[in-house]
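Summary of structural features
One-letter residues, chain by chain:
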Amino acid sequence: MTVKGALFDFSGTLFRIESTESWLRTALERSGTPVPDEEVVRYARDLEEAGALPGGAPPLTVPPHLEEVWAVRDRSAELHRAAFTGMAREVPLPRPELYDALYDRHLEPAAWRPYPDAPEVLGELRRRGVRIAVVSNIGWDLRPVFRAHGLDPLVDAYVLSYEHGVQKPDPRLFRAACDALGVDPRDAVMVGDDRRADAGAAALGCRVHLVDHLPVDRRRDALRAVLGLLPDAATAL
């Protein structure tokens, strides 16, 4: 396999969102809402089970009235906000304004941490001449996250579902990424954490490499395996 491009998912692959409890505590503190610790823990557990934190755990169940918007949540900014604030509203919180405050918190670069090996792997791929794209199912602009953490110079293109109106595993999103990099899909590898969404790249002939969606402190070097998959990257171009 000749490797000229590497496509990376965002959440759960290169970056991980903060914990549900940290997310909730930040919103509570900013809104001046005093809540006893034991209640914070309970609210956080319920929000996690509801799948209310974008980039966090998937919902245990999707309420019937949210099934339609949930299925297409990554196709626009409006659908994304509606889906996740809708899931959060399944958990009764002390103040109604907290639902939008929680959503707004997850948009902040400070709410995200790169996996420890992400800078190393992206930098080495760049050194070897491999072009890099971030391909994400998302409803907002993640470029500020990459800039804040110093990784933006290592990315050649961002292909975001809400900007294209389609979401993975639709092959059109992967095709757009390969086109943006100027590479044939057969000369690209897709790196992600979702067996259904990210594996959609295989329909175009991309190689697919999956990593586990784990907290940052529990997955320190999984991305390094990508370099081992590309032994010919230094000579491919």
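For the structure itself, look to the data block above.
One numbering rule holds for all chains: residues counted from 1, following each sequence as written. Per-residue local features of the predicted model are confined to residues with pLDDT of at least 70, and side-chain atom pairs are confined, for both listing and counting, to 80 or more; whole-chain, interface and lining totals are unaffected and use all residues. Only hydrogens and water are set aside when side-chain values are computed; all heavy atoms of the structure are taken into account.

Re the packing of aromatic side chains
Pairing of aromatic rings covers Phe, Tyr and Trp, the last through its six-membered ring, and needs centres within 6.5 Å; plane angles under 30 degrees mean stacked, over 60 mean edge-to-face, and all others mean tilted. Overall, the coordinates contain eight aromatic pairs when judged by the stated rule. Geometrically, the ring pair formed by F146 and Y158 is edge-to-face, given 5.4 Å between the ring centres and 75° between the ring planes. Within this pair, whereas F146 is found in helix α7 (residues 143-148), its partner Y158 is found in strand β5 (residues 157-160), the two being separated by twelve residues in sequence. Accessibility classification places F146 together with Y158 in one group, the buried group. An aromatic cluster of at least three residues, connected via ring pairs, comprises F10, F15, W112, W140, F146 and Y158. Criterion for a charge above a ring: Arg CZ or Lys NZ at most 6 Å from the ring centre, at most 35 degrees from the ring normal. Here the basic side chain of R42 rests over the ring of Y43, its NZ or CZ set 4.8 Å away from the ring centre. Over the ring of W70 we find R73, and its NZ or CZ is 4.0 Å from the ring centre. Runs of H or I in DSSP of at least four residues are treated as helices and runs of E of at least two as strands, each being numbered from the N terminus. The rule is simple: take the accessible area with a 1.4 Å probe, protein chains only, and divide by the maximum for that residue type; under 20% is buried, over 50% is exposed, in between is partly exposed.

Overview of the environment of E90
The topology assignment puts E90 in the loop between α4 (77-88) and α5 (98-106). Using a relative accessible area of 39% as the deciding quantity, one classes E90 as partly exposed. The spatial distance from the C-alpha of E90 to the C-alpha of S136 is 26 Å, given a sequence separation of 46 residues. Should any heavy atoms of two residues lie within 4.5 Å, those residues are considered in contact. Contact partners of E90, with chain neighbours within four places excluded, come to P63, H65 and L66.

Quick notes on the pairing of β5
Remark: a regular strand shows side chains that alternate across the two faces of the sheet. Burial along β5 is two-sided: the residues A157 and V159 and Y158 and L160 are all buried. By the convention used here, strands pair only if DSSP detects at least 2 bridges between them. Relative to β5, strand β4 (residues 131-136) runs parallel, the two sharing four bridges. What sits directly across from S136, in β5, is L160.

Points about the environment of A52
Here A52 shows up in the loop between α2 (37-50) and α3 (67-71). The sequence separation of A52 and T20 amounts to 32 residues, and the corresponding C-alpha distance is 8.9 Å. Excluding residues that lie within four positions of it along the chain, A52 makes contacts with W23, L47, F84, M87 and A88.

Quick notes on the sheet that holds strand β1 (residues 5-8)
Strands sit in the order β5-β4-β1-β6-β7 across an open sheet of five strands; the sheet is parallel. Edge strands, defined here as strands with exactly one partner in the open sheet, are β5 and β7 (207-210). Ignoring which end each strand starts from, the neighbouring axes of this sheet average 20° apart. One ladder, built from four bridges, connects β1 with β4; its direction is parallel. Each bridged residue has a counterpart across the sheet, and for G5 the counterpart in β4 is R131. Note on definitions: angles span 0 to 180 degrees between N-to-C directions of axes, and those axes are lines fitted to C-alpha atoms, for helices only across the stretch in contact. Strand contacts of helix α9 (residues 171-181): β1, β4, β5 and β6 (188-192), with the helix running at about 155° to β4, the strand carrying the most contacts.

Digging into the nonpolar core
F8, F10, L14, L125, L142 and F146 are the most contacted members of the largest nonpolar core, which has 58 residues in total. Dropping the residues within four chain positions of it, F146 is found in contact with F10, L14, F15, V134, L151, D152, V155 and Y158. We call a set of buried residues a nonpolar core when its members are Ala, Val, Leu, Ile, Met, Phe, Trp, Tyr or Cys and they connect through side-chain atoms within 4.5 Å of each other. Counting residues in hydrophobic clusters, the runner-up holds 18 residues, among them V135, L173, F174 and L204.

Examining the pairing of β6
Burial of β6 is extensive: five of the five residues sit out of reach of the surface. In β6, alternate side chains face the same way, and those of A188, M190 and G192 on one face and V189 and V191 on the other are all buried. Sheet topology places β1 next to β6; four bridges connect them, and they run parallel. Paired with F8 across the two strands is V191, which belongs to β6. Note that β6 and β7 share four bridges and pair parallel. Bridging from a neighbouring strand, V189 pairs with R207 of β7.

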